[in-house]
Amino acid sequence: MLKVYNSLTRKKQEFIPIEPGKVRMYVCGMTVYDFCHLGHARVLVVFDIIVRHLRSLGYEVTYVRNITDIDDKIIARARENGESINALTERFIAAMHEDADALGVLRPDFEPRATESIDNILKMIQRLMDKGFAYQGSNGDIFYSVSQFPDYGRLSGKRVEDLRSGARVEVNDAKRDPLDFVLWKAARPGETSWPSAWCEGRPGWHIECSAMSTDCLGVHFDIHGGGLDLQFPHHENEIAQSEAATGEPFVNYWIHNGFVEVNEEKMSKSLGNFFTVREILKQYQPEEIRYFILSSHYGSPLNYSDDNLKQARSALQRLYTALRESKETGADTVHDNDAYMQRFQDAMNDDFNTPEALAVLFELTRALNRAREQGDPAAGGLAATLEALGGRLGLLQAEPETYLRGQAGAGGQGPTDQEIDALLIQRRAARDARNWAEADRIRALLIDMGIELEDGAEGTRWRRA
RNA sequence: GGCUGGGUGGCAGAGUGGUUAUGCAGCGGCCUGCAAAGCCGUGGACCUCGGUUCGACUCCGGGCCCAGCCUCCA
């Protein structure tokens, strides 16, 4: 039985889809004006494994992840760069896809863009106007009237009165209530805009997700996800808009992933303490980033540090080393590994507990190494199980030797494979001559270059540490 | 100030009312020319103060501390 922590109820609950056997899921994606940083990578990877797990349970999943390709920051950045909005967003959409692909993130089934959803957005705003949930402010903007929606604040656990008295809300005379938010923003001269019944303008941020999600998935769907920072106000506003417009419940399960932190502080653009995926990829292999993300529960903070990435690397090396040895052993007898499969499944069913699932992988690895050393033919089956379960997390799908010899860590420096092979031939000669001093000298040389050796029965193997 | 989540061994990170998490690092052993990898064994923890209980790291209450949201942010 799958259990999911639902932000709406603040409880772990049994997951029951609206339509048996099917899951409809929407995740807030990127605003494309810059490269993805680790925080974005976490969203991509976390919901990727959620989709993978749901599918492994046999659900037919429709996964939608939107792209916000029009907003204030995009407009500002395009202006700074002196390029068109379209050129800017296309560039960063392509970059995002590259990063996601590198991290082994499966593409969503639909990837709607705000600028391609204007009709739906306008229709929804019109419905909100018709039903009295929206009004035009004195500046021409269309606002959502929060006081019309009694449930406002349920998702984020906030009370409307508290929000008003907190009043860190921007002062805007055009609004009737400081809590009201923009649905349609009147365009200033020269800004990208679309015609509407009210004025030339562009969509507010929150409405696009309401329009795109209900368009792709229907007015009522199963899962809505995103970073914890979207819980309020973005997701709160989505609920208010969607439920007011459709008169139906919007979403059954809200899933929010925790932040990536740096030195115990949220990684964010405004703090400037972020690391982009491509920066990190200069130092680490993509799978190491993926492992790092999965090594903590999706809802917990994830502290970014070089040390933690290194730990991810060590862990992956252990897993791949076991796989490499066993593949070469070649044994592939059937073995009853149901216990491991079951424990893995149980872990994932418990609110996608990836650290627990990884622990199962390591226990499997120990069993595998032991079996192999003892010449137990069960090794082949254990290796196959390890690879299969790793695959459910999007891990361990590379050729072990390819991973272990890695290209990263090099970051452009470091010896080439040819240089390494040349040194290994020299060392081999020294060893054959029992010239241990020379052999050890060459080994030390390689270690200095970040290459570790393993002398085995069938020769010497190496990997990049 | 309001609200949310959290404080676990050297580090990372799960979990449980009474039994080994797991990985890295450490220590001892096996293996190895020596290493590495691997295997076997091993030390080490549950912020604090009360309460409930035969028994709490795990449940309840107070305190302290941390992060986050309340403004754009994954």
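Residues numbered from 1 in each chain as written. Chains lettered and ligands numbered in written order. Predicted model: local features only at pLDDT ≥ 70, side-chain atom pairs only at ≥ 80, totals over all residues. Heavy atoms only, no water.

J.: Could you give an account of the pattern of salt bridges, with specific residues and numbers?
T.: Counted according to the given criterion, the structure contains 38 salt bridges. Here K266 ties to D229 by a salt bridge, and the two come within 3.3 Å at their closest N and O atoms. Of the two residues, K266 is situated in strand β12 (residues 265–266) and D229 in the loop between β9 (221–227) and α7 (231–246); the sequence distance between them amounts to 37 residues. With a relative accessible area of 28%, K266 lands in the partly exposed category. With a relative accessible area of 39%, D229 lands in the partly exposed category. (Salt bridge = Lys/Arg side-chain N within 4 Å of Asp/Glu carboxyl O. Helix = DSSP H or I, 4+ residues; strand = E, 2+ residues; numbered from the N terminus. Buried < 20%, exposed > 50% of the residue type's maximum accessible area, 1.4 Å probe, protein only.)

J.: Residue-level account of the side chain of H97, with values.
T.: For H97, the location among the structural elements is in helix α3 (residues 85–102). When its relative accessible area of 13% is taken as the criterion, H97 is described as buried. With residues up to four places along the chain from it excluded, the contact list for H97 reads R107 and E111. (Contact = heavy atoms within 4.5 Å.)

J.: Go over the sheet that holds strand β5 (residues 134–136) with me, naming the residues and quoting the values.
T.: The four strands are arranged β5-β6-β7-β8 in an open sheet whose pairing can be described as antiparallel. Among the strands making up the open sheet, the edge pair consists of β5 and β8 (201–203). Along the sheet, successive strands turn relative to each other by an average axial angle of 25°, direction set aside. (Pairing = 2+ DSSP bridges. Axes fitted to C-alpha atoms, helices over the stretch in contact; angles between N-to-C directions.)

J.: Could you give an account of the nonpolar core, naming the residues involved and the relevant values?
T.: In terms of nonpolar packing, the biggest core is built from 130 residues, with M25, L38, L54 and Y144 touching the most fellow members. When near neighbours in sequence (up to four residues on either side) are disregarded, L54 contacts L2, F15, V23, M25, Y59, V61 and I223. Judged by nonpolar contacts, the second largest core, of eight residues, contains I420, L423, L446 and I451. (Core = buried A, V, L, I, M, F, W, Y, C linked by side-chain atoms within 4.5 Å.)

J.: For helix α16 (residues 436–448), give the residues involved together with the corresponding values.
T.: The end-to-end C-alpha distance of α16 is 18 Å, a good match for the 18 Å that 13 residues give at a rise of 1.5 Å each. All of the buried residues in α16 are A439, I442 and L446. With its buried residues spanning 65° around the axis, α16 presents them on a single face. Those residues of α16 that are exposed and aimed more than 90 degrees away from the buried face are A437 and D448. Residues of α16 that are buried make contact with α15 (417–432) and β14 (451–456). Residue G450 follows α16 closely and has a positive phi angle near 85°. (Expected span 1.5 Å × (residues − 1). Arc of directions from axis to C-beta.)

J.: Account for the pairing of strand β15 (residues 459–464), naming residues and giving values.
T.: Direction of pairing for β14 relative to β15: antiparallel, over a ladder of six bridges. Bridging across to β15, L453 finds its partner in W462. The antiparallel hairpin formed by β14 and β15 contains two residues in its connecting segment.

J.: Lay out unusual backbone geometry with the relevant residues and their values.
T.: Trans is the common state for peptide bonds, and a negative phi is the common state for residues other than glycine. Cis geometry is adopted by the peptide bond preceding P233, which originates at F232 and carries an omega value of 0°. By secondary structure assignment, the location of P233 is in helix α7. Residue D351 is not a glycine yet carries a positive backbone phi of 55°. D351 sits in the buried class, given a relative accessible area of 4%. With a phi angle near 55°, R434 is a residue other than glycine that sits in the positive phi range. Assignment of secondary structure puts R434 in the loop between α15 and α16. R434 gets classed as exposed once you look at its relative accessible area, which sits at 61%.

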